[in-house]
Amino acid sequence: MSQPAIELQGISKAFGPVQANKDISIRVMPGTIHGIIGENGAGKSTLMSILYGFYKADAGEIFISGKKTAIPDSQAAISAGIGMVFQHFKLVENFTVLENIVLGAESGAFLAPSLRKARAELAELAAEYELNVDPDAVIEEIGVGMQQRVEILKALYRRANILILDEPTGVLTPTEADQLFRILGRLREEGKTIILITHKLREIMDITDTVSVMRRGEMTATVKTSQTSPENLAELMVGRKVLLRVDKTPAQPKHQVLEISGLNVVDDAGVARLKDVSLSLCAGEILGIAGVAGNGQSELLEVLGGYQTATGSVKVNGAALDLTGADSDGQSRRANGIAHVPEDRQREGLIMDFMAWENAVFGYHRDPAHQANRFFMDNAAIKAETAAKMQRFDVRPHNPNLTAQNFSGGNQQKIVLAREIERNPDLLLIGQPTRGVDIGAIEFIHQQIVALRDQGKAILLVSVELDEILSLSDRIAVMFDGQIMGERDPADTNEKELGLLMAGVTGEASA
Amino acid sequence: MGVMPKWADVVLVPLISLIIAALLSALLILAIGESPVAALKLMIEGTLLRSSGWGYMLYYTTNFIFTGLAVSVAFHAAMGGLGVALVCLFIPWPHWSFAIIGASLGAAFFGMIWAGLPAYLQAKRGSHIVITTIMFNFIAAGVLNFFLVGALKPKGSMDPATANFPAATHLPTFEDMAGLLGFEKMFRAAPANVSFFLALVACVLVWFLIWRTPLGYEIRAMGKSEPAARYAGIGSVKIIMVAMMISGALSGMMAINTTQGESERLILNFTEGAGFIGIAVALMGRSHPLGVFLAALLFGFLYQGGAELALWTKIPRELIVVIQALVILFTGALTLMVRRPLERLFLSLRRGG
Amino acid sequence: MDFLTLLQVLDSSLRLATPLLLACLAGLFSERAGIFDIGLEGKMLAAAFLSAAIAATTGSVWLGLLAGVGASLLLSAIHGLASITLRGDQIISGVAINFLAAGLTVVISQDWFGQGGRTPPLLSGGRFEPLNLPGAVPAKEISEAGPVMQLYSELLSGHSLLVYVALLMVPLTWFVLYKTRFGLRLRAVGENPAAVDTAGISVVGLRYAAVGICGVLCGIAGAYMATALQAGFVKDMSAGRGFIALAALIFAKWRPWYALGACLLFGFFFAVDNRFQNILLPAWAMSGVLFALGLGLFAYVRHKTLLDRIVLGGLGLGLALVAALITLSSWSAGLGSMIKIPVVFIQSLPYVLTVVVLAGFVGKAIPPRSGGVAYVKEK
Amino acid sequence: DPAIIFDLGGKFDKSFNEAAFQGAQRWADETGGSFREIELQNEAQREQALRRFAEAGSNPIVMAGFAFADALGKVAPDYPDTKFAVIDVNWLSMPNVRGIGFNEHEGSYLVGMLAAQASKTGTVGFVGGMDIPLIRRFGCGFAQGVKAVNADATIIANMTGTTPAAWNDPVKGSELTKAQISQGADVVFAAAGGTGVGVLQTAADEGILSIGVDSNQNYMHPGKVLTSMLKRVDNAVYEAFSQGDALETGNFQMGVANGGVGYALDEFNASLVSADMQSAVEAAAAAITAGSLSVHDYTSDETCPALSF
Ligand SMILES: Nc1ncnc2c1ncn2[C@@H]1O[C@H](COP(=O)(O)OP(=O)(O)OP(=O)(O)O)[C@@H](O)[C@H]1O
Ligand SMILES: Nc1ncnc2c1ncn2[C@@H]1O[C@H](COP(=O)(O)OP(=O)(O)OP(=O)(O)O)[C@@H](O)[C@H]1O
Ligand SMILES: [Mg+2]
Ligand SMILES: [Mg+2]
């Protein structure tokens, strides 16, 4: 058997008091795709960052193709042929694609020749791997899928033989994910080695050759993918049996809660984001909005959440909402019985520097229930309540005094959910409830959403995960280019049909 | 979650930083041929061992508390001074206790207006608040100059200053207060006055405002993340306006101490230096009122100690400025230099123990 | 205002803009790399002092320039140590550096020259003399020359070398920033240091380089003040120009050509203030203008939000009140009587105009995204 | 020992405080005595410095600047055995206070006459540090002197700024001078502290004449400084120190008549001041001394017959 492409021996890493990696050893064979799974905070990203020279290990050795290699910084990793696509992309947002690609890999002191060379090479790479991007597009103006391509191109441009991808599909649509996997397959065929971190067992089963499982900083198992099953992996990961599908009874819709008609949104640049959207939603029902990111779902949530102006009409429990005036803000929406789990928990849903208990009332901080008297908030009561909530939602670590950034993504999401669900709203807006969340937490979050429905709440679910939409929704509406392309019953539809609608192909036309 | 116990972070780190700054200052003093030991003795004797030393130290402290709480540049205070002067000069107050309320309102109002305009421009027009504030400082200097050379100056006076405020507006100094309590000769002639207590009250109020009220919660949220604030329905225009106006009001209040409390008339450069020290005080106090109070106390000590050095030694006043700079540098910007080795020490202690 | 006067004002604008421009470009390099620097003032001051001191003792302006740059670099190194290596607060560090320079320059020069914090006046070799471009007519004959010749001789010719250096720095900065590898990396490190780090480039190295360039440019700015505009150092002679440069930098949205524009604009405002301090206007014109402005503001805010009405309406009311006061006070002397605009008002004009320009024409200035925060990848 | 307290400008302000320091230093050099001194850093220190020096036994205590009036009024009665001398304040009447006022307008008048005589263009300039009454007094006296020689002369008066930086901004002093030159000025009088350094420098560079202030600044650019308006603060301090604790109290007014103000004539400007010019100025000085010529003091009624501020 040939030399392993990568071999890590006894890697340990502590962040202050937190032991993120403990004595980890792993071997990855060349020309394979090696999956790594594990709960949020298990230490996956840390391990890969060490391999890429972003962090320095406290102890341990790294062998590349059998040769012991010191990787003190990313420069060393790059020259060892390693490329990494981080979960949070490391791109300069206001640079063009081309500038991002040449950054650090310029061919001389002046920029023009470097850019010329990169442009030519980019065209070749694009043709070879179906990685088409506009080299002159500015990063902040292109979608995350495109941004990810740029990251992959960055690695390929630097002639990486080993490619590490940290949760690459978390932000991709199914089509984009499929395409990514085709590309990864092609890279594998060329003999490149790929390490893939993901929370999605289906992806592990579909594409990897071997898979390693991490728990609490340690490597607990490495198995051949062909010799394992999703249930088995889930158990290895979480330490107990996990229910991998959503368990729910048929919906029992009651009175109508939300009625949207003729909703239009034009953004600051004058582009129409929502076009004549009409929807309705009843109590005790989950309406799933499927669609490729950037087709108006975010704007829909923002309008309903009170921070995007719009024209048209939105009624909640029969009362029209103010869509432009002084009463159109998050506070008044909450007063109207609308709760909102935003799509981006770190940007919107939480203040990362606030402690958990402070975040637990974010948006509801003026609620009389949280006031001790006319002037002051009742912090002691909020803390106590948060502690109880964290218990119910199994937020780990169970400490309301930690700041939000000290929680893993899954636990951050639980904090937001706990806040919004326990308000007992009439209408719950949920955007991307399980993005970047491990399967243990996904199970829990899905159970919560279903339980809420069963209490007779109306739930508007926006997700780019078709799986999630299909398994949670009672009705599915598909959005494309700011329009509703059609509604489907999850029982009578399938991924393919939804996928076509998401691409703007209407049922009649395709039939 | 940190490596070090909290007390080490809060007490040990600043203390060691301070000692380093002091050692460097000692070298400088040595270099110009004076004795650092004698200098330190002078500073401590003249500041902490005499009641009037305390009186001066707390007077400066009062200034720095206000500007530190406000984190503002000095000239909001200048406009506050105008407010104080107008209130004290043109309203016949029966007693200082009424006058101080009126003057506080006047100072806060003028400070607020002056801070409100840049805030408004930032909130509504996106004009960068840092430049507009710098510009408004210069404009305030012009306005103050205009009034002090013109309308507010008593005829025939040389000073670009207002007339003396009527006696009914004079604030009780520490000396007066000590006298009431039977301690004659305490705080003799020191300028510290009741506005020190006003500053303490302001500390407590600001603490409550920021950490206990929904408004403070919103100000903090807005400061950390604008998109999140938008999501939560916290209006940015409102928060920018309110926060800046509170800041303006606080720095305006500084004028109570200097103008109504000390000089008892409005003079041209009464805010000298306090603005920048205020920025340092706020950042060093980590924007926590108790921290601001302690940092203000430290600079009160340096100011009064510096005066003692200037009185009794040949140490030039510019060297005292250098010492202040070193203290700001080491306790404010170079703390990691001290914290890092300490953290390592604590980590190994913890591992070993 | 005749053409020659205009030229003279522009000429003065250019001289006054030069230190601002150099400091502004200095700040641009530093802040583009993510290191905020309110210590520009202190660095200019330190450079002004040491350049004058060395030029005075050696008689060589070039050695002076070198020394000035060295002094500024030293302060830059402190700022770098504090804000890059030790990840301290950049604002505090800047404040401290300003105090440090204000104190040390006087202490050292008093110790050195014993002239009360002043350096001895520089003699001819110790100064940058004005360069007369070929063919320029001397000042005495300029009123007889044609307009083009006047433009050439008055405005373009007759500045010291450093003025031309400063002007050349603008395209150079533009070129370095946008056309070289270094510039690409520099801009990147101010936007997203993690991207630079993971691309295998040293964040620390880049930021120190930027802070170093900032030091060099501030050094030239200081030396220009002490050895070209003046012939020696006087304590506190930077007189707040570092802060104005900072304002210009924000005004310019951190871009080199805009920086030139912003600094020239400030220079122009200051030159106008110097030249036109004694403007007489008939009372009716003065109150009329103010009244019209107030009325205009009132009309403008009629359909705006409550806040607009309070703030701008209040401003309008204030202006109208001032107009009324002027009318009343000049009533006895007649509304045609000439009133002099108070000097302080003319002196505040540059700042007022800046605010007006900012409020009206310049949109949001977005600073480099990682500006002001140290790069920490693990605690 | 005697003590001296300098105002916020600091003892090396190149004019007023520096003159006071020179007086004290001359006394120390001549008598071998020593004195205490302090440069104030802020307003609150005025009273503090007075009291601490008085308590430490310094006598007399001299202070430089009208801004001390208030503090001294409070302190002096508390220390009846200590003598105080204060410069630029002449309205306190206390048994232990010596007040010394200067007629700056008279000195400015004399240099104004010289300026008008030396000017070929009939336009002269005045650069003041800040628009405050004291500086207006300088400017007004200067303008009267100019008009006395040439009633048609133009006087361009500028002020440097409104913040404390105005006193230490030689660059701005230079630009103001250049602006005045381009408006035709060929003699410029600077009453602006450290800013004046820039005025004198630029005048020398551009080949026009300048006039220094307070102390004799003729030496700064030999042959290019027309004269300096002298305000003999040094003499006042020297005399106070010399009298020691027997200091004669009361208010004194120092003018041309008693040599308190004047103009500087030395080897550096001998070639600039012709005999004609000198005799005209001497005549005016004599007239002022005799009381037949009175120069209007701006601060007496806040108006100026020769210049509008
Ligand atoms: N820069 C850092 N500073 C301090 N602690 C960190 C840092 N990065 C990670 N940690 C801690 O190290 C542990 C492992 O984190 P890591 O990011 O490797 O987890 P992960 O397995 O990638 O989780 P996820 O599935 O959420 O991405 C966590 O407890 C985390 O809190
Ligand atoms: N500076 C930090 N201090 C403490 N913990 C940190 C820090 N940076 C990251 N972490 C923690 O490290 C873990 C992973 O960090 P990372 O930035 O990769 O988040 P993430 O991958 O987005 O998490 P998730 O995958 O769950 O969404 C999280 O638990 C996060 O809370
Ligand atoms: Mg991770
Ligand atoms: Mg993650």
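Residues numbered from 1 in each chain as written. Chains lettered and ligands numbered in written order. Predicted model: local features only at pLDDT ≥ 70, side-chain atom pairs only at ≥ 80, totals over all residues. Heavy atoms only, no water.

Residue-level pLDDT values for chain D average 90, and 100% of them are 70 or greater. Taken over the whole predicted complex, pTM reads 0.89, whereas the ipTM for its chain interfaces reads 0.87. (pLDDT = per-residue confidence, 0-100.)

In the vicinity of ligand 1, 17 residues are found, and the nearest of them are Gly41(A), Gly43(A), Lys44(A), Ser45(A) and Thr46(A). One finds residues of chains A and C in close proximity to ligand 1. The separation between an oxygen atom of ligand 1 and a polar main-chain atom of Ala42(A) is 3.2 Å. Lys44(A) has a polar side-chain atom sitting 2.6 Å from an oxygen atom of ligand 1. Its free accessible area being 630 Å², ligand 1 has 73% of it covered by the protein chains. The class makeup of the residues in the shell around ligand 1 is five nonpolar, seven polar and five charged. (Near = heavy atom within 4 Å. Polar contact = N/O pair within 3.5 Å; in protein donor to acceptor, adjacent residues only side chain to side chain. Areas by Shrake-Rupley, 256 points an atom, 1.4 Å probe, with all protein chains shown as cover. Nonpolar A, V, L, I, M, F, W, Y, C, P; charged D, E, K, R; others polar.)

A few words now on the interface of chain B and chain C. Residue-level contacts link 43 residues of chain B with 48 residues of chain C. Between chain B and chain C the total buried area reaches about 4,000 Å² when both faces are included, carbon and sulfur atoms providing 80% of it. Three residues, Tyr120(B), Ile131(B) and Met135(B), lead the burial of chain B against chain C; their summed loss comes to 14% of the area buried on that side. If you look at where chain B meets chain C, you find one salt bridge. (Contact = heavy atoms within 4.5 Å. Buried area = accessible area lost by both parts, 1.4 Å probe. Salt bridge = Lys/Arg side-chain N within 4 Å of Asp/Glu carboxyl O.)

Let us look at the pattern of salt bridges. All names here are of chain A. By the definition in use, this model includes 66 salt bridges over all chains. The salt bridge partner of Glu-39 is Arg-396, with a shortest N-O separation of 3.8 Å. Within this pair, whereas Glu-39 is found in the loop between strand 3 (33–38) and helix 1 (44–51), its partner Arg-396 is found in the loop between helix 13 (379–392) and helix 14 (409–421), the two being separated by 357 residues in sequence. Using a relative accessible area of 39% as the deciding quantity, one classes Arg-396 as partly exposed. (Helix = DSSP H or I, 4+ residues; strand = E, 2+ residues; numbered from the N terminus. Buried < 20%, exposed > 50% of the residue type's maximum accessible area, 1.4 Å probe, protein only.)

Okay, the pairing of strand 11 (residues 256–266) of chain A next. Residue and element names in this part refer to chain A. Strand direction decides the pairing type here: strand 11 and strand 12 (residues 272–282), joined by seven bridges, are antiparallel. Residue pairing for strand 12: Glu-259 is matched across the bridge by Ser-280. The loop that links strand 11 with its antiparallel partner strand 12 comprises five residues; one of these, Gly-270, has a positive phi angle of about 90 degrees. As defined by bridge partners, strand 11 adjoins strand 14 (residues 311–316) across five bridges and the pair is classed as antiparallel. From the neighbouring strand, Asn-264 faces strand 14, where its bridge partner is Thr-311. (Pairing = 2+ DSSP bridges.)

A cluster of nonpolar side chains, namely Phe110(A), Trp174(C), Phe175(C), Trp257(C) and Tyr258(C), defines an oily patch on the protein surface of about 530 Å² accessible area. Those elements that provide at least two residues to the nonpolar patch are helix 6 (161–179) and helix 11 (256–275) of chain C. Using a relative accessible area of 45% as the deciding quantity, one classes Tyr258(C) as partly exposed. (Patch = residues over 30% accessible without salt bridge, like charges linked within 9 Å, V, L, I, M, F, W, Y side chains within 5 Å.)

On to the sheet that holds strand 1 (residues 6–15) of chain A, then. Residues and elements named next belong to chain A. Pairing within the open sheet is antiparallel, and its four strands lie in the order 2-1-4-5. Edge positions in the open sheet fall to strand 2 (18–28) and strand 5 (67–68), since each of these has one partner strand only. Across five bridges, the pairing between strand 1 and strand 4 (residues 59–64) is antiparallel. Counted as the bridge partner of Gln-9 is Glu-61 from strand 4. Here helix 1 sits on the sheet and contacts strand 1, strand 2 and strand 4; the angle it forms with strand 1, its principal contact strand, is near 115 degrees. (Axes fitted to C-alpha atoms, helices over the stretch in contact; angles between N-to-C directions.)

Moving on to the pairing of strand 9 (residues 210–215) of chain A. All names here are of chain A. Burial of strand 9 is extensive: five of the six residues sit out of reach of the surface. Summarising the sheet, strand 3 and strand 9 pair through five bridges and their orientation is parallel. Paired with Gly-35 across the two strands is Val-211, which belongs to strand 9. As judged from the six bridges shared by strand 9 and strand 10 (residues 218–224), these two strands associate in the antiparallel manner. Across the sheet, Met-214 pairs through a bridge with Met-219, a residue of strand 10.

Once that is clear, we can look at the side chain of Gln217(D). Residue and element names in this part refer to chain D. Among the secondary structure elements, Gln-217 is positioned in the loop between strand 9 (209–214) and strand 10 (225–231). In terms of polar contacts, Gln-217 uses its side chain to reach the backbone amide nitrogen of Val-213, at 3.0 Å. With near-sequence residues (within four places) excluded, Gln-217 lies in contact with Lys-14, Leu-200, Gly-212, Val-225 and Ser-228.

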